[in-house]
Amino acid sequence: MTIAEPPRAGCTATTAVADAKAAAPLPTGLPKVAEGAVKHKVVFVLGGPGSGKGTQSARLVQEFGVVHLSAGDLLREHMKSGSPEGQMVADMIKNGQIVPSHVTISLLQKAMDDSGKHKFLIDGFPRNEENRASFESQTGIMPDLVLFFDCPEEVMERRLLGRNEGRTDDNIETIRKRFKVFIDSSLPVIQHYEALGKVARINADRDTEEIYKEVRRLFMEL
Ligand SMILES: Nc1ncnc2c1ncn2[C@@H]1O[C@H](COP(=O)(O)OP(=O)(O)OP(=O)(O)O)[C@@H](O)[C@H]1O
Ligand SMILES: Nc1ccn([C@H]2C[C@H](O)[C@@H](COP(=O)(O)O)O2)c(=O)n1
Ligand SMILES: [Mg+2]
């Protein structure tokens, strides 16, 4: 089966039925995916800061038109809201900390709902056990595949310092904090999915094109 689907403007009868079912109130404590709803197909894109998650995801979007949701991008957009929660997100990102799951999951859930699609590349999420467990229990979604971009810290550090996109966390002090958070909190999530046989480890210390050849093959095999 392939996750690839062309970009789509409107809504089909199938997704309309799913939307109607999703809109009906569900008993508290049950995942949002109701019986009979279209099953979501999800690839988590994980790896350290600067490992190339966004770069490789963009290539998959370009070739397959899959919906790419970057948790970091959604949080950075949320920062602009000017709300107290947006300010909290801004402070946490600048500090290299992981934002509470309820904030990130509601942004992801809204983006998935708004897309009208059911196949997603979710980049930079889940970042810790709280992200993982809350997402699975609240949405009922398990990833079909976890792409893990494995890259040495010195390579990631060089890439981040050269990224030049004006991000408040691309400075050496925050980068070092993000590396520690990745090792302490994010690697255990990858190990969890590895034990379930869902992880494809990719050597990310290579040329972008060489990495993409492997990524697209894994994606098409899904
Ligand atoms: N294979 C590669 N070789 C060299 N540079 C790369 C490679 N992949 C990505 N880059 C560059 O490294 C920087 C970080 O890449 P990217 O933004 O894709 O990483 P990321 O994993 O999404 O990072 P973050 O977690 O901080 O969002 C970018 O400037 C990108 O152009
Ligand atoms: N699940 C997530 C994803 C991201 N964040 C915050 C903390 C990260 O350092 C920052 C940038 O994310 P990136 O663009 O590097 O993927 O966003 C989070 O709290 N929770
Ligand atoms: Mg990124």
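Residues numbered from 1 in each chain as written. Chains lettered and ligands numbered in written order. Predicted model: local features only at pLDDT ≥ 70, side-chain atom pairs only at ≥ 80, totals over all residues. Heavy atoms only, no water.

Notes on the UniProt feature "binding site: ATP" (unreviewed entry) in the protein chain
The positions UniProt marks with the feature "binding site: ATP" (unreviewed entry) are G50, S51, G52, K53, G54, T55, R163 and R206. For the largest cavity, the lining residues drawn from the annotated set are K53. Locating S51 in the fold gives a position in the loop between β1 (41-47) and α2 (53-64). Judged by its relative accessible area of 2%, S51 is buried. Apart from residues no more than four positions distant in its own chain, S51 is found in contact with F149, C151, M156, R159 and A204. Of note is the side chain of S51, whose polar atom sits 2.7 Å from the backbone oxygen of G48. (UniProt positions renumbered as here; feature names shortened; annotations may be inferred. 1 Å grid on protein atoms, 1.4 Å probe; cavity = no way out; pocket = protein on both sides within 12 Å on 5 of 7 lines; lining within 4 Å. Helix = DSSP H or I, 4+ residues; strand = E, 2+ residues; numbered from the N terminus. Buried < 20%, exposed > 50% of the residue type's maximum accessible area, 1.4 Å probe, protein only. Contact = heavy atoms within 4.5 Å. Polar contact = N/O pair within 3.5 Å; in protein donor to acceptor, adjacent residues only side chain to side chain.)

As for the pairing of strand β5 (residues 199-203)
By the alternation rule, side chains of β5 split into A200 and I202, which are all buried, and V199, R201 and N203, of which none is buried. Across five bridges, the pairing between strand β4 (residues 145-150) and β5 is parallel. Within β5, the residue paired with L147 across the bridge is A200. (Pairing = 2+ DSSP bridges.)

Structural notes on the layout of surface pockets
Empty space within the largest pocket amounts to approximately 860 Å³. Along the wall of the largest pocket there are 42 residues; nearest its centre are K53, R127, R163, R167 and R178. Elements that contribute at least two residues to the lining of the largest pocket include exactly α2, β2 (67-70), α3 (71-79), α7 (153-161), α8 (172-195) and α9 (208-221). For the lining of the largest pocket, the element with the highest residue contribution is α3, accounting for five residues. (Points joined across faces, edges and corners; volume = space filled by probe spheres on them.)

A short note on the packing of aromatic side chains
Applying the stated rule across the entire model yields five aromatic pairs. An angle of 65 degrees between the planes, with centres 6.3 Å apart, marks the rings of F44 and F125 as edge-to-face. Linking F44 in strand β1 with F125 in the loop between β3 (119-123) and α6 (129-139), this pair joins segments that are 81 residues apart in sequence. Owing to a relative accessible area of 0%, F44 belongs among the buried residues under this scheme. Note on F125 and F135: the rings are 5.3 Å apart at their centroids and 65 degrees apart in plane angle, and the pair reads as edge-to-face. (Phe/Tyr/Trp six-rings, centres within 6.5 Å; stacked < 30°, edge-to-face > 60°.)

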